[in-house]
Amino acid sequence: MKASTRIGDQPNRIDGPAKVTGAAHYAAEHDLPGLLYGVAISSAIAKGRVVSIDDAAARQVPGVVEVITHRNRPHVAWFDRSYRDEVAVPGSPFRPLYDDEIRFSGQPVALVVAESFEAARDAASLIRVEYAAAPHNTDLHVALGDRFTPKKTRSNFELPKPRGDAKAAFDTAPLRHSASYEMPVHHHNPMEMHAATVRWDGPGKVTVWDKTQGPQNVQAYLAEVFGFAKDDVRVLNPYVGGAFGSGLRPQYHVFLATLAAKMLERSVRVVLTRQQMFTHVHRPAAIQTVSLATDAGARLQAIVNDATGTTSRYENYMEVICNWGLMAYACPNASAEYAIAPVDTHTPGDMRAPGAATGMTLFEMAIDEMAAVAGVDPMAFRLLNDSPVDAMTGKPFTSKALPEAYRQAALRFGWDGRPLEPRSMREGGELVGWGVATGMWDAMFDEASARARLTADGRLEVASAASDIGTGTYTVMAQVAADTLGVALDRIDVRLGDSDLPKAPVEGGSWMAASVGAAVQLACKSLGDQLIRGARKLPTGPLGDAGRDEIDFHGDHLVVRADPARRVTFTEAMQGAGATELVAEETAKPGLGNMIDMWLKARNTHSAIFAEVKVDEELGVVRVTRIVIAVAAGRIVNPKTARSQILGGVVMGISMALHEESYTDHRFGRFMNHNLSEYHVPTHADIHDIEVIFVDEPDPEVTPLGVKGLGEIGIVGTAAAVANAIWHATGKRVRSLPITIDKLL
Ligand code: MOS
């Protein structure tokens with residue numbers, strides 16, 4: 001009997017072959033008869049009004065079918081009522097082509113629709129738009145005067161809770177550090193551009209292949225916004241070419257494509273260009289001032305942590321920037337203020353570890369400076385001040401294996417014997433520095449459903465409307481099913497990315513493996529119960545009087561654990577049930593016990609990150625030669641796909657430290673480096689050794705599978721470890737990321 005794959009094994013991605021052979025089709029790769037192509041035209045000003053749009057020349061281009069603007073677009077239900085998507089933030093979402101008002105540079109002002117992409121693009125270049133510009137501001141420093149803390153916050157947003165008297169404690173403490181740190185705007189830059197192919201299936205009926213992290217979120221959006229019946233809208237995203245949060249909310253490309261389909265009663269595809277991707281969702285810029293103080297023994301006495309991030313003028317985008325330091329460190333006096341400042345851009349959005357990637361990273365740069373002021377090794381400083389409970393709320397963690405993560409990573413890195421003083425290590429012409437930081441993220445669990453179906457040919461299908469954005473969801477769901485029912489991995493089909501499938505939340509927050517995994521396990525268990533009931537109806541009574549808990553599933557058999565000779569095949573059990581297929585659908589949700597537990601316990605992932613850099617002092621060139629990261633993220637379903645997630649997060653962290661920044665020309669209010677040659681991300685030559693360790697962290701409380709999720713933890717704090725290593729190499733503290741050559745020279 002072939003041993004089946006278990007949770008904790010590391011099979012290759014089951015969707016890998018489809019992806020590398022081109023069999024996996026992405027949103028813009030569905031060809032339809034009579035398909036029309038839409039090209040969006042982006043506003044040249046950041047604020048003001050559209051005075052006129054001259055489309056005469058564009059309409060002369062052969063193949064052009066329509067030029068859609070706010071003047072001739074059809075009326076849609078949304079223009080009469082408000083609608084906010086599943087993960088919208090408070091405010092009034094942007095409504096494309098609603099009126100003549102321009103709210104951000106690059107806002108779509110028209111959609112040219114043609115029989116070919118080339119005709120649409122050619123015609124788009126001939127459109128002349130006249131604007132009346134109004135004064136705008138896109139600079140966070142200028143907007144600081146307008147900063148405010150909204151009363152109404154988004155769901156699961158927690159304002160920081162103060163304790164003690166942080167300002168007084170800071171003023172009287174013997175050792176202090178205070179400085180401001182800055183994070184620039186980042187754009188998500190997934191490989192797959194934002195795209196939607198809308199098939200017109202008849203009046204009010206559409207099938208949409210969209211680049212999204214939530215097909216049901218887009219389904220509900222399109223139904224509400226266009227006034228379609230929900231059942232008449234089907235949204236598919238079986239493959240997603242990366243997203244990092246850019247596909248959490250429905251973006252304007254899917255609105256434009258559906259609007260054109262409705263107006264022309266034809267199928268339409270809209271693909272944004274890389275440049276146009278820089279006109280919408282992004283990680284907000286933030287400024288964070290951190291004041292820290294310790295007693296003479298390097299024990300933290302005060303934390304004052306204030307931050308301001310940008311938002312748009314029409315929605316209040318908020319993310320948890322300030323809380324992490326207050327949660328992570330034991331300190332009797334701590335306070336934080338979080339505010340947002342409106343600028344004339346599209347609304348920022350969640351980007352990989354939103355809030356923590358900014359707030360914890362900048363805080364960990366400040367912690368390093370405090371350790372240096374106190375004259376203590378930065379790892380020892382962190383362990384000395386580590387809080388075993390959530391220090392902000394006082395709640396115990398369901399688990400926090402951070403000290404063990406530090407122990408293992410430090411050993412692998414060879415941290416012992418690191419000189420305290422900066423500029424102490426050299427290798428040839430390069431300065432060498434070692435830095436460290438802590439990472440922290442949430443371990444979330446959301447309601448999700450899944451269906452399991454066993455057919456007479458012995459194949460098992462598990463299905464959920466969840467998305468796999470490249471994280472390995474297909475594979476880990478197959479593993480959970482294999483683990484539960486003992487079916488070989490190559491006989492399991494996983495279906496995801498279809499709004500018709502059982503309900504699942506958007507793929508984000510690192511909650512997918514824990515939430516949908518729990519649903520898949522429940523569905524498979526319930527299917528197992530049906531098999532047992534079927535087997536009991538067989539006249540041969542193959543299972544004897546073995547109870548439910550005494551029966552195992554493996555190799556397509558039900559087996560009595562104490563007496564393995566007592567066994568029956570799935571096929572026979574199905575015959576007993578008189579069925580040619582068995583189907584079970586179940587929902588996993590935080591139950592009452594679980595909810596009480598949620599109020600009483602904190603749920604987080606943690607990491608310890610060590611970085612080595614080599615700096616060419618004459619040229620200012622930094623190489624990150626080694627990273628060792630130890631992650632405490634509960635139970636690891638698949639160490640191979642998990643490692644890939646951490647590697648990707650770490651690479652993004654290195655990028656945050658050295659490369660990544662969306663530059664705004666504030667005169668135009670526009671992101672200028674809107675392409676992959678000027679928006680710098682690491683190339684292979686920038687990435688050297690990265691070692692990932694998963695520490696053992698059994699945690700049956702955190703979620704039903706003991707899984708905490710790890711799509712985001714890898715980015716949190718990594719840039720701080722690199723920045724701290726750069727200081728150790730050079731003696732320079734650069735407090736605004738990225739640390740580019742000009743800042744080091
Ligand atoms: Mo993630 S920013 O929740 O896709």
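Per-chain numbering applies: the sequence of each chain, read as written, is numbered from 1 onward. Owing to the predicted nature of the model, reporting of local features is limited to residues with pLDDT of at least 70; listing and counting of side-chain atom pairs is limited to 80 or more, with chain, interface and lining totals taken over all residues.

Looking at an unreviewed UniProt entry, one finds the protein named Xanthine dehydrogenase family protein molybdopterin-binding subunit, with Piscinibacter koreensis as its source organism.

Re the overall build of the protein
The numbering of helices and of strands both runs from the N terminus, where a helix is a DSSP run of H or I of at least 4 residues and a strand a run of E of at least 2. Check the secondary structure of the protein and you find 19 helices and 28 strands. Here the globule rule is a power law, 2.2 Å times the number of residues to the power 0.38, and the radius of gyration is based on C-alpha atoms. In terms of overall dimensions, the protein is globule-like: its C-alpha atoms have a radius of gyration of 27 Å, near the 27 Å expected for 745 residues. Based on the C-alpha atoms only, the size of the protein along its principal axes is roughly 80 × 75 × 50 Å. Each residue is classified by how many other C-beta atoms fall within 10 Å of its C-beta atom, where C-beta atoms are placed from the backbone; a count of 20 or more means buried, 12 or fewer means exposed, and values in between mean partly exposed. The proportion of buried residues among the 745 residues of the protein is 55%.

Regarding the domain arrangement of the protein
What the domain assignment reports for the protein is domain 1 (16-23 + 446-589), domain 2 (31-135 + 190-243 + 247-277) and domain 3 (166-186 + 282-444 + 599-744). Computed over C-alpha atoms only, the centres of domain 1 and domain 2 are separated by 39 Å. Here, residue contact means that the backbone-derived C-beta atoms of the two residues sit within 7 Å. Listed as interface residues are 15 residues of domain 1 and, on the opposing side, 18 residues of domain 2. What fixes the domain bounds is an automatic or database domain assignment.

As for the sheet that holds strand β24 (residues 604-616)
Between any two strands, pairing holds if DSSP finds at least two bridges. Read from one edge to the other, the open sheet built from five strands follows the order β15-β16-β24-β25-β28, with strand pairing classed as mixed. Every interior strand has two partners, whereas the edge strands, β15 (425-427) and β28 (687-694), have only one. Mean inter-strand twist for the sheet, computed between neighbouring axes without regard to direction, equals 25 degrees. Here seven bridges tie strand β25 (residues 621-632) to β28, and the two strands are oriented parallel to one another. Opposite valine 631, over in β28, you have phenylalanine 694 as the bridge partner. Between the N-to-C directions of two axes lies an angle of 0 to 180 degrees, each axis being a line fitted to C-alpha atoms and, for a helix, fitted only over the stretch in contact.

Quick notes on the nonpolar core
Counting residues in each nonpolar core, the largest one holds 168 residues, and the members touching the most others are Val462, Ala481, Val631 and Val722. Considering each element in turn, this core owes the most residues, 13 residues, to helix α14 (residues 512-536). With sequence-adjacent residues up to four places away left out, valine 722 is seen in contact with Gly435, Ala611, Val613, Val624, Ile654, Ala657 and Leu658. Counting residues in each nonpolar core, the second largest holds 62 residues, with Ala27, Val233, Leu256 and Leu259 among its members. For this entry, the nonpolar core is defined as buried Ala, Val, Leu, Ile, Met, Phe, Trp, Tyr and Cys residues connected by C-beta atoms within 7 Å.

What about the confidence of the model for the protein?
Values of pLDDT, ranging from 0 to 100, describe the predictor's confidence in every residue of the model. In this model, the protein carries a mean pLDDT of 97, and residues with pLDDT of at least 70 account for 99%. Element-level pLDDT for the protein is lowest in helix α16 (residues 592-600), with a mean of 66, against a maximum mean of 99 in helix α18 (residues 718-730). Of the two predicted TM-score estimates for the complex, the pTM is 0.97 and the ipTM is 0.97.

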